Amino acid sequence: MTQDSRPLAVFDLDGTLADTAHRQRFLERKPRDWNAFFAAAPDDPPLERGVALALRSAEECEVVYLTGRPERCRKDTVAWLAAQGLPEGRMWMRRNDDRRPARRTKLEILRGIAESREVRMMVDDDELVCDEAERAGFTVVRARWASTSAALKDAQEREGRT
């Protein structure tokens, strides 16, 4: 089986592979400080359960990433993935000006991916994203191994920022 024919394992980043707890404080203030929130991402500790699942998945699947992080965070994100020993893989990121809810943007991208490749599973911590993906027929692993703040959940759904 060639690299390009293996099924895909699609991983979210924040709350799935990366622990955002140390930077959620930037979303709990008014107004929310998005620049500081994303600037602190390179310091995220890895979430061991998510990293272990990605590494196990790489044995049978091509690991790719689907994140609500804006495109401007690509360089830092690629460096962070490499520093954690995670597989290199294609990464889909939110356009810098895209403020749609994560459940809409991610499902749109996931459907596009599935047009040309088998998606074995999608791993995400956002319950609304997981619900939508399951309704669309995808196999979902709910990443429930990190704590997220109410401010982060609100930001994902109402402000379309992560």
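Residues numbered from 1 in each chain as written. Predicted model: local features only at pLDDT ≥ 70, side-chain atom pairs only at ≥ 80, totals over all residues. Heavy atoms only, no water.

1. A look at the packing of aromatic side chains
The relation between two aromatic rings is expressed through the spacing of the ring centres and the mutual angle of the planes. Counting across every chain of the model gives three aromatic pairs. On the numbers, 5.7 Å between centres and 85° between planes, the contact of Trp34 with Phe37 is edge-to-face. One end of the pair, Trp34, and the other, Phe37, are both in helix α1 (residues 34–39), three residues apart, so they sit about a helical turn from each other. A residue is classified by how much of its surface remains accessible, and Trp34, at 6% relative accessible area, is buried. One aromatic cluster in this structure is built from Trp34, Phe37 and Phe38. Above the plane of the ring of Phe37 lies Arg23, whose end atom (NZ or CZ) is 4.4 Å from the centre. (Phe/Tyr/Trp six-rings, centres within 6.5 Å; stacked < 30°, edge-to-face > 60°. Helix = DSSP H or I, 4+ residues; strand = E, 2+ residues; numbered from the N terminus. Buried < 20%, exposed > 50% of the residue type's maximum accessible area, 1.4 Å probe, protein only. Lys NZ or Arg CZ within 6 Å of the ring centre and 35° of its normal.)

2. What to know about the pattern of salt bridges
Here the structure, examined in full by the defined rule, presents 18 salt bridges. Close ionic contact of Arg100 with Glu108 constitutes a salt bridge, the shortest N to O distance being 2.9 Å. A relative accessible area of 29% places Arg100 in the partly exposed class. Under the relative-accessibility criterion, Glu108 is labelled partly exposed at 49%. Taken together, the shared-partner salt bridges connect Glu127, Asp131, Glu134, Arg142 and Arg144 into one network. (Salt bridge = Lys/Arg side-chain N within 4 Å of Asp/Glu carboxyl O.)

3. Looking at the side chain of Asp124
Among the structural elements, Asp124 can be located in strand β4 (residues 119–124). Take Asp124: its relative accessible area is 1%, and that puts it in the buried class.

4. Thoughts on the sheet that holds strand β5 (residues 140–142)
Pairing within the open sheet is parallel, and its five strands lie in the order β3-β2-β1-β4-β5. The open sheet has two free edges, formed respectively by β3 (91–94) and β5, since each of these has just one partner strand. Looking at each pair of strands side by side, their axes are set apart by 20° on average, direction ignored. Pairing of β4 with β5, which is carried by three bridges, proceeds in the parallel orientation. Within the sheet, the bridge partner assigned to Met122 lies in β5 and is Val140. Each of β2 (62–70) and β3 is contacted by helix α3 (residues 74–83), which is oriented at about 140° to β3, the strand it contacts most. (Pairing = 2+ DSSP bridges. Axes fitted to C-alpha atoms, helices over the stretch in contact; angles between N-to-C directions. Contact = heavy atoms within 4.5 Å.)

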